[in-house]
Amino acid sequence: MIKIFDTTLRDGEQSPGCSMNLNEKLQMAKQLERLGVDIIEAGFPAASPGDFESVKAIANLLKKPVITGLARCTKNDIDKDFAAIKDANHKRIHVFIATSDIHLEYKLKKTRAEVLESVKKYVSYAKSLVDDIEFSAEDASRTDLDFLCQVVEVAIEAGATTINLPDTVGYAVPTEYAHMIKTVKDRVVGEQDIVLSVHCHNDLGLAVANSLAAVEAGATQIECTINGIGERAGNAALEEVVMALKTRNDYYGVDTNINTKEIMPASNLLEQITATKVSPTKPIVGKNVFAHESGIHQHGVLQNKSTYEIMDPAMIGIVDQENIVLGKHSGKHALRSKIEDLGFEIEDEELEEVFVKFKNIADNKKNIYDSDIRALMLGQLNQVSGHYQLVDYSSFTSDGKESKTIIKLSNGTETIERVGSGAGPIDAAFDCMKNILEDQFILEDFRINSVTAGQDALGETTLSLKHNDHQYNGRGLSNDIIKSGILAYINAINKQVEA
Ligand SMILES: [Zn+2]
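For clarity, every value in this text was computed on a predicted model and none was experimentally measured.

Trainee: Quick one: what's the story with the sheet that holds strand β16 (residues 470-478), residue by residue and with numbers?
Mentor: The antiparallel open sheet is built from 3 strands, whose spatial order is β14-β15-β16. Since the sheet does not close on itself, it has two edges, and those belong to β14 (442-450) and β16, each with one partner. The sheet shows a mean angle of 15° between the axes of neighbouring strands, taken without regard to direction. One ladder, built from 8 bridges, connects β14 with strand β15 (residues 459-467); its direction is antiparallel. By the bridge assignment for β15, I448 is matched with T461.

Pasting the structure below:
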């Protein structure tokens, strides 16, 4: 059995524009539990009070998976980590230190002997608090192998039960990485009951290949993220690792605890929360993965699916046709039960708010589908209250003339009204937002998608704004695309205010 360690909420959240608020993290964590991941790395508690609170909330909420937080080799980090996870049903402290010479010299400014001393001291300290201890040798793949073996030996003696050997900078290639795992297993771990773990980055596009090579060499835990999000080129993608092990079970001969039908819902949820779409050709979850355009392929698939399909889309949770779920006359009760079916929890007060929005949509849209309700609920989670709110807007546009948009915005204490102009109503709306915010933000990316098919489909806008070198993604939803654009813009600036 291979353990799946998900770090979407820690390593993944560190990717530009992917920061999530507490509500969003809790929804994502619940979906990871449904997906059946064995371990959730919920954050880095010493990094900020917000991180601490979200790790604590996740540790208190989830019952099945092991909850862990990341800690450097310091007493403060380990104490904060323990305080955040202590009430979890299953808890783990994850301690790390860099071990490669380049990190020792330039980052830690420590000798090898000092690193060994730290490992011994802080792994033992963590062990005095919690039994389940993971130790990571950061930049393991660029560490001298003899020294790496020494470090691992000290960590195991001090009480580590999982040893993680990351390819932190995405530099390793599969044969070499497998060799490192096998050497540590043969020389140090032997027959001891220790989990060998891998954590790979995708800078050379090898994160999944390296993880799988490590499994063949004896690793039994893979660290990964949904949609492969993460710093730079990202982490090994959970869905790719899991489906490779499942589809090629004939070759690897190992299983995971993942309920693969929850892969697509997890991927969609993360896309919507982070307002970041995966590429259409992204393995497993991209929108083209099960589409067959070429005539020859289509013919083959119609005769027998396995001619060109190695996986059954239903296995990943892709549903062919969406059910019409609700309409104009559906009541609050029906809405609540649908929301709960989709895996969301909702308080009575919140249901009132969502019901009003639902009625607004139902007035303009005949059929309401699962994805509409999901989008509506995510919009609710996305909402960052207490800052800018849209009060009203009007837009004037005609062919050959400059468009004008007037936006009225409340910032909690006063209402601001400005006018903007541009080549079309959206351009004018964004110009207006720039005027209100005194040019603080630069628009970097902007997309409109329809949530479902049909002329009356909800328009979902995702955009990305840059402010002082930070990226903020926003998402807006409405039957009216101008409004969904303005809402997305407001969502992104509210994230900046909240950050
Ligand atoms: Zn990483």
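Structure shown, so let's carry the discussion forward.
Trainee: I'd love a proper account of a nonpolar patch on the surface, names of residues and values included.
Mentor: Together, L443, F446, I448 and I481 make up a nonpolar patch on the protein surface, roughly 300 Å² of accessible area in all. In terms of residues, the nonpolar patch owes the most to one element, β14, which gives 3 residues. With respect to the helices, strands and loops of the structure, I481 is situated in helix α17 (residues 481-498). Among the residues examined, I481 registers a relative accessible area of 42% and is labelled partly exposed.

Trainee: Give a detailed account of the nonpolar core, specifying residues and quantitative values.
Mentor: Ranked by size, the top nonpolar core spans 117 residues in total, and within it F135, I163 and L165 carry the most contacts. By residue number, the principal contributor to this core is helix α6 (residues 145-158), which donates 9 residues. Setting aside chain neighbours within four positions, we find L165 in contact with A137, A140, L148, V152, Y177, M180, I181, V184, L196, S197, V198 and H199. Listed in part, the 23 residues of the second largest apolar core include I426, C432, I436 and L437.

Conventions and cut-offs
- Residues numbered from 1 in each chain as written.
- Predicted model: local features only at pLDDT ≥ 70, side-chain atom pairs only at ≥ 80, totals over all residues.
- Heavy atoms only, no water.
- Pairing = 2+ DSSP bridges.
- Helix = DSSP H or I, 4+ residues; strand = E, 2+ residues; numbered from the N terminus.
- Axes fitted to C-alpha atoms, helices over the stretch in contact; angles between N-to-C directions.
- Patch = residues over 30% accessible without salt bridge, like charges linked within 9 Å, V, L, I, M, F, W, Y side chains within 5 Å.
- Areas by Shrake-Rupley, 256 points an atom, 1.4 Å probe, with all protein chains shown as cover.
- Salt bridge = Lys/Arg side-chain N within 4 Å of Asp/Glu carboxyl O.
- Buried < 20%, exposed > 50% of the residue type's maximum accessible area, 1.4 Å probe, protein only.
- Core = buried A, V, L, I, M, F, W, Y, C linked by side-chain atoms within 4.5 Å.
- Contact = heavy atoms within 4.5 Å.

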